[in-house]
2 protein chains.
Amino acid sequence: MGSARVFLLCCILAIFFHSVLCAKSRHFKWEVEYMHWAPDCVEAVVMGINGQFPGPTIRARAGDTLHIELTNKLPTEGVVIHWHGIRQFGTPWADGTASISQCAINPGETFVYRFKVDKAGTYFYHGHYGMQRLAGLYGSLIVEVTDGEKEPFHYDGEFNLLLSDWWHKGSHEQEVDLSSNPMRWIGEPQTLLINGRGQFNCSLAALFSNSSSSQCNLRGSEQCAPNILHVLPNKTYRLRIASSTALASLNLAIGNHKMTLVEADGNYLEPYSVSNMDIYSGETYSVLFTTDQEGSKNYWISVSVRGREPNTPQALIILNYIPTSASNLPNLPPPVAPLWNDYNYSRSFSSKILALRGSPKPPKKHDRRIILLNTQNLIDGYTKWAINNVSLVLPATPYLGSIRYGLNNAFDHKRPPENFGLNYDVSKPAPNQNSTYGSGVYMLNFNTTIDVILQNANALRANVSEIHPWHLHGHDFWVLGYGEGRFNEKSETQFNLKNPPLRNTAVIFPYGWTALRFVADNPGAWAFHCHIEPHLHMGMGVVFAEGVQHVKKIPNEALACGLTAKMLMNNVHK
Amino acid sequence: MGSARVFLLCCILAIFFHSVLCAKSRHFKWEVEYMHWAPDCVEAVVMGINGQFPGPTIRARAGDTLHIELTNKLPTEGVVIHWHGIRQFGTPWADGTASISQCAINPGETFVYRFKVDKAGTYFYHGHYGMQRLAGLYGSLIVEVTDGEKEPFHYDGEFNLLLSDWWHKGSHEQEVDLSSNPMRWIGEPQTLLINGRGQFNCSLAALFSNSSSSQCNLRGSEQCAPNILHVLPNKTYRLRIASSTALASLNLAIGNHKMTLVEADGNYLEPYSVSNMDIYSGETYSVLFTTDQEGSKNYWISVSVRGREPNTPQALIILNYIPTSASNLPNLPPPVAPLWNDYNYSRSFSSKILALRGSPKPPKKHDRRIILLNTQNLIDGYTKWAINNVSLVLPATPYLGSIRYGLNNAFDHKRPPENFGLNYDVSKPAPNQNSTYGSGVYMLNFNTTIDVILQNANALRANVSEIHPWHLHGHDFWVLGYGEGRFNEKSETQFNLKNPPLRNTAVIFPYGWTALRFVADNPGAWAFHCHIEPHLHMGMGVVFAEGVQHVKKIPNEALACGLTAKMLMNNVHK
């Protein structure tokens, strides 16, 4: 039977079987490089892909296989790309985490990320090595439902907003600053970017502001010119939002328009109507809004900092009602975000995010509970973050390979603690602020149900406890609940087992706890970490390894470093 | 026979046989990292080794074997170190050139450089990947004569001066600037450094200056405080000098003191007395000076820019006659260097550098002559340097490995040209300024005598021809002569075959040629390139490969990248 006939047959079958059999292979050739760019109207060096910043948006359909041939065009640095939210079933080596799932791709070399996007949703991708995310290595990844399938909501058009934060100091220097003794903190970002665009030292809404900021004078063709969302009146639009920020927690609002949350991290939500929404780094959402306002006006879409005392102006773009001229500025001031430290507001917002009826439910019971205390510490005078007093240091050999091949010298196999001291007072600075370095690998029994309790605590200084958005690779988890103070056995009664949302990122609020449940059903070694990039750089993460013995042959290209390279080159295992 | 007895016997033999048999192994553990430092009183990020900038000075004796265990502590960058001037007989994989002799060492990994320093002399080491030399990765390597041997000159004490140049813009951004279209030139350095120390925005000799520079006010404990050379009257001192500059050609003088050149690039010179000396990047010298001046005074040692219109202040340190107080500034103005563009002076200085009587002489005839035209070009609008119209692009697989194992896809095997067009006018910009990328590998027959004629030419702009100091790895060469204009058959009559100096670095003057001769007797793949780091970054180099089939087993660690890693991991060759 000729291949043309096979194809025809396949397509005929597809019509009957909802296109599943005709899922596409989508091929991309990407080159990562540094380039001059002016994300916020100030020229800087950014990491770009194929000359673009942010990187190209990938659009695919659920079931498609992506082949991204990534060539490293950096002069001396390795690179990887993590496909944030894609679970990588069967392809754990394609997760794009240096030192965990693969060796960093060397300058001049090409690595093919080949993986299936099995679930429709809003995703993004980003660098996962050093501070390459902060340097600008990110882009959008949008997975539409399979042909013939339908989303459980209706919309007439869609927009995509990729949010990030931007510093004028280069990422390399920021890395050195963070690793110095005494540590030099990177500070608040200079600018918030929407789709890689922001404005420094001027504001689109200066006329409404009491500050001395001047009105931006942009032609629209600048690299920093804001996107304009052109809409027709009386339609419903889907706004896809992803936050790739290195640090900032955000709040987004559309002037005069309500939004209805319908998707988060690639999972459907029970529709939830809000006038503004919090978005933490690593989270994605879809919201619907209806253009039911006065059509002769334009409206602000605003993005503001929350959770840290802001020192960064609000980012603004314009929602333009066609046929109103896009150059008419909205005649009302931009939306005002909730106070940065109104955590009651934040908790209330997050706890109302629930799974759409009919979504997969969590197993009723857990097989293992791991309680992870988040603390800021000192090691030999260096400021670090630690989990149960272990500050993560990544090894030269990726865990996936070293665990798969039993290379015991590749990392410290000491079991990290499952809990922390009974007497530890999470509301105060630790009496002993010292910590130790470690590998932070939790070996999970395959197909067991794991509860993780993320426990926040006081940081080094008294009366400081920060927000940390935790992101899990290779899985979605159910967010069973949020609580204040120290988690205890009674806290479990607060768990929502009825309609907890499935997410890949969940936040812990100051001094609070967050309970997650997931099934360790994806063979691989998976990062679980605070998505604030400088916090991860300072050790705030662990690794979950499960069913690694079931991982099929890892491509050699993912193993060409450290002890796995040594092993393969010495032909010890074959 | 017990090892103690062997040792004893060895030592006894050594007394008779000039210690040759007791040559030492010297072990070093180094960590390369970025750190905050203020080389010129302005805080910046530098590349340091074990927390030092410049890196530690190595002192060894001829015949010793060095073991340098280099651990890469950079967050995301590879690293290598080149041992400049060490010929690496039998250890071509230890030459420390990324993409040529080895794979860059990945972050977190350790590579052991193990090699013999067979010849006494003044050397240095430096990064040879991207622009890591400009970033500060360098240090001194001093090889003393074997116990019992004597230098062919006398001195009472010695000092070591490692010269470099320093920019306030970081090396990563400089790389991007150079690789941009249009190219952005790095400009003249902000500061010249002597042993990693210089002064920006102030001068030690402001009182003698007409400029507005202010007098430096330094306590002496600062990272940028100048070295002071304390000398006794009426003694002879050896001053070792090495230039690791990324760009600058230098001139050094000692106020009121003559200097006698006695060694260059690890080879003895016929003593040559000068009042100031030119030093090009990649060159090393030993000079003797006698403290025969008024002992109640101190004297300036000055380092100035030559060969480019200077925009960098002179670097100064103080020669202090004990017991005069070191804080007494010299009462005369610092030495004035020859005019930056007095190339007659430069040519005259260089052509008087001759080998010490009794030094090895060059073979009388060459087996092959390679003429290398140096041009500045454009490729798709990018500014490049090219050799015979080929601009060097380094491959992902190091040449040494790919040639040794016959991996034909690792680089473009097209033979680069041996000469350039008869009609090419070196005195004018090329009518066609386009060029092409290439691998630039010249395969040399083993043990043949190679003449290289480096031919300078006009750069892109009319009436511009720059100085280029060319450095050869793995060999010394004889500098047979310098000439002006285009080299032709008659030029050969000017060759000095009697006492040409052995060097590893030789300069070409504007619009001139320089003739070199060497014997291709060292199995390996060897870089030959302009030692101006941004010029090499822009393609100004070639590779000489000889006798690679005689190279013994290359350590796997040097091959763990590109196609050699692939080959070894796939177990294709064994």
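Cut-offs applied
Residues numbered from 1 in each chain as written. Chains lettered and ligands numbered in written order. Predicted model: local features only at pLDDT ≥ 70, side-chain atom pairs only at ≥ 80, totals over all residues. Heavy atoms only, no water. Helix = DSSP H or I, 4+ residues; strand = E, 2+ residues; numbered from the N terminus. Rg over C-alpha atoms; globule rule 2.2 N^0.38 Å. Buried < 20%, exposed > 50% of the residue type's maximum accessible area, 1.4 Å probe, protein only. Contact = heavy atoms within 4.5 Å. Areas by Shrake-Rupley, 256 points an atom, 1.4 Å probe, with all protein chains shown as cover. Lys, Arg positive; Asp, Glu negative; His and termini not counted. Charge placed at Lys NZ, Arg CZ, Asp CG, Glu CD. Pairing = 2+ DSSP bridges. Axes fitted to C-alpha atoms, helices over the stretch in contact; angles between N-to-C directions. Buried area = accessible area lost by both parts, 1.4 Å probe. Salt bridge = Lys/Arg side-chain N within 4 Å of Asp/Glu carboxyl O. Polar contact = N/O pair within 3.5 Å; in protein donor to acceptor, adjacent residues only side chain to side chain. Phe/Tyr/Trp six-rings, centres within 6.5 Å; stacked < 30°, edge-to-face > 60°. Least-squares fit on C-alpha atoms with pLDDT ≥ 70 in both. UniProt positions renumbered as here; feature names shortened; annotations may be inferred. Disulfide = S-S within 2.5 Å. Patch = residues over 30% accessible without salt bridge, like charges linked within 9 Å, V, L, I, M, F, W, Y side chains within 5 Å. Arc of directions from axis to C-beta. Parallel < 35°, antiparallel > 145°, perpendicular 65-115°, else oblique. Left-handed = near helix turned anticlockwise from the far one by under 90°. Nonpolar A, V, L, I, M, F, W, Y, C, P; charged D, E, K, R; others polar.

**What about the overall build of chain A?**
When helices and strands are tallied, chain A shows six helices and 34 strands. For 574 residues, the compact-globule estimate of 2.2 N^0.38 gives 25 Å, and chain A sits close to it at 23 Å. If one aligns the C-alpha atoms of chain A with their principal axes, the spans along those axes are about 75 × 70 × 50 Å. Counting across all 574 residues of chain A, residues that qualify as buried make up 61%. A separation threshold of at least 6 residues defines the contact pool for chain A, and within that pool the share at least 24 residues apart is 78%. Carbon and sulfur atoms make up 52% of the accessible area of chain A, which totals about 22,100 Å². Considering chain A, the positive charge centre built from 47 side chains and the negative charge centre built from 46 side chains are found 5 Å apart.

**A word on the sheet that holds strand β8 (residues 138-144) of chain A**
Residue and element names in this part refer to chain A. Read across the open sheet, the four strands follow the order β3-β8-β7-β5; overall the sheet is mixed. On the outer flanks of this sheet lie β3 (58-61) and β5 (81-84), each paired with one strand and no other. For this sheet, the mean angle separating the axes of adjacent strands, direction not counted, is 20°. Sheet topology places β3 next to β8; four bridges connect them, and they run parallel. Within β8, the position partnered with R59 by the bridge is I142.

**What to know about the interface of chain A and chain B**
On the chain B side, the residues contacting the 34 residues of chain A number 34 residues. Sorting the residues of chain A by area buried against chain B places A:H36, A:T76 and A:M569 first, and these three jointly supply 25% of that buried surface. Across the contact surface, chain A and chain B share two salt bridges. We note a salt bridge from B:R184 to A:E43, for which the minimum N-O separation is 2.6 Å. Between the two partners, chain A and chain B, sit 17 residue pairs in polar contact (both at pLDDT 80 or more). Broken down by secondary-structure element, the contributors of at least two residues to the side of chain A that touches chain B are β1 (25-37), α2 (171-178) and α6 (562-570) of chain A.

**As for the sheet that holds strand β18 (residues 298-306) of chain B**
One key point about sheets: their strands pair by backbone hydrogen bonds, in either a parallel or an antiparallel sense. Residues and elements named next belong to chain B. Taken in spatial order, the five strands line up as β11-β19-β18-β13-β16 in an open sheet, and their pairing is mixed. The open sheet has two edge strands with one neighbour each: β11 (228-231) and β16 (276-279). The mean angle between the axes of side-by-side strands here comes to 20°, regardless of whether they run parallel or antiparallel. The pairing of β11 with strand β19 (residues 315-321) spans four bridges and is parallel. Within the sheet, the bridge partner assigned to V231 lies in β19 and is Y321. Each of β13 (249-254), β16 and β18 touches helix α3 (residues 343-351); the most contacted strand, β16, lies at about 90° to it.

**Notes on the packing of aromatic side chains**
All names here are of chain A. This model, assessed by the stated rule, comprises 56 aromatic pairs over all chains. Ring plane angle 35° and centroid distance 5.9 Å describe the contact between F153 and Y155, whose orientation is recorded as tilted. In this structure F153 comes out as buried when scored by relative accessible area, which is 13%. Among the residues examined, Y155 registers a relative accessible area of 22% and is labelled partly exposed.

**Describing the relation of the copies chain A and chain B**
At an RMSD of 0.0 Å, chain A and chain B line up after a rotation of 180° and a shift of 0.0 Å along the axis. Both chain copies can therefore be described as sitting about a two-fold axis. Most of the interface of chain A is mirrored in chain B: 100% of its interface residues are interface residues there too.

**As for the pairing of β13(B)**
All names here are of chain B. By the criterion of burial, β13 is predominantly enclosed, with six of the six residues buried. Neither face of β13 is left uncovered, since the one carrying S249, N251 and A253 and the one carrying L250, L252 and I254 both have all their residues buried. By the bridge criterion, six bridges tie β13 to β18 in an arrangement that is antiparallel. By the bridge assignment for β18, L250 is matched with V305. Strand direction decides the pairing type here: β13 and β16, joined by four bridges, are antiparallel. Bridged to L252 within β16 is M277.

**Here's the deal with the UniProt feature "domain: Plastocyanin-like" (unreviewed entry) in chain A**
Residue and element names in this part refer to chain A. According to UniProt, the "domain: Plastocyanin-like" (unreviewed entry) feature falls on residues 32-145, 159-322 and 432-548. End C-alpha atoms of residues 159-322 are separated by 15 Å, and the span's content is 5% helix alongside 46% strand. Structurally, residues 432-548 is divided into 4% helix and 46% strand, and its ends, taken at the C-alpha atoms, are 36 Å apart.

**Re the pairing of β19(B)**
Consecutive side chains along a regular strand alternate between the two faces of the sheet. Residue and element names in this part refer to chain B. The element β19 is largely enclosed, with a buried count of seven among its seven residues. Side chains A315, I317, L319 and Y321 project from β19 onto one buried face, and the interleaved L316, I318 and N320 project onto a second face that is buried too. Bridge count between β18 and β19: six bridges; the pairing is antiparallel. Looking at the pairing, S302 lines up with L316 of β19.

**Focus on the state of the cysteines**
Residues and elements named next belong to chain A. Applying the stated criterion across every chain, the model contains six disulfides over all chains. Between the sulfur atoms of C202 and its disulfide partner C216 the distance amounts to 2.0 Å. Its S-S torsion of about 95° marks the bond between C202 and C216 as right-handed, since a negative value means left-handed. Of the two residues, C202 sits in strand β11 (residues 202-203) while C216 sits in the loop between β12 (214-215) and β13 (228-231), which places them 14 residues apart along the sequence. Neither C202 nor C216 differs from the other in exposure class; each is buried.

**Section: a positive patch on the surface**
Residues and elements named next belong to chain A. A cluster of basic residues, R357, K361, K364 and K498, forms a positive patch at the surface. Among the structural elements, K498 can be located in the loop between β29 (477-484) and β30 (502-503). Of the residues examined, K498 reaches a relative accessible area of 61% and is grouped as exposed.

**Quick look at helix α3 (residues 343-351) of chain A**
Buried within α3(A) we find A:Y343, A:S346, A:R347, A:F349 and A:S350. Along the axis of α3(A), the buried positions cluster into a sector of 165°, meaning they face one direction only.

**Points about the environment of A:N488**
Residues and elements named next belong to chain A. Assignment of secondary structure puts N488 in the loop between β29 and β30. Judged by relative accessible area, N488 falls into the partly exposed class, the value being 40%. Along the primary structure N488 and I453 are separated by 35 residues, whereas in three dimensions their C-alpha atoms are 10.0 Å apart.

**Some details on the side chain of A:S244**
Looking at the element boundaries, A:S244 is found in the loop between β14 (236-243) and β15 (249-254). Contacts of A:S244, omitting those with residues within four sequence positions, involve A:F124, A:H126, A:R133, A:Y138, A:L162, A:L163, A:S164 and A:S281.

**Looking at the packing of α6(A) against helix α6 (residues 562-570) of chain B**
Any two packed helices are characterised by the angle at which their axes cross and by the distance between the axes. Between α6(A) and α6(B), the least distance of the axes is 6 Å, while the angle of their chain directions is 55°. Here α6(A) lies oblique to α6(B), going by the angle between them. In terms of crossing hand, the pair formed by α6(A) and α6(B) is left-handed. Contacts between α6(A) and α6(B) pair A:A565, A:L568 and A:M569 from the former with B:A565, B:L568 and B:M569 from the latter. Partitioned by chemical class, the residues of the contact of α6(A) with α6(B) number six nonpolar, no polar and no charged.

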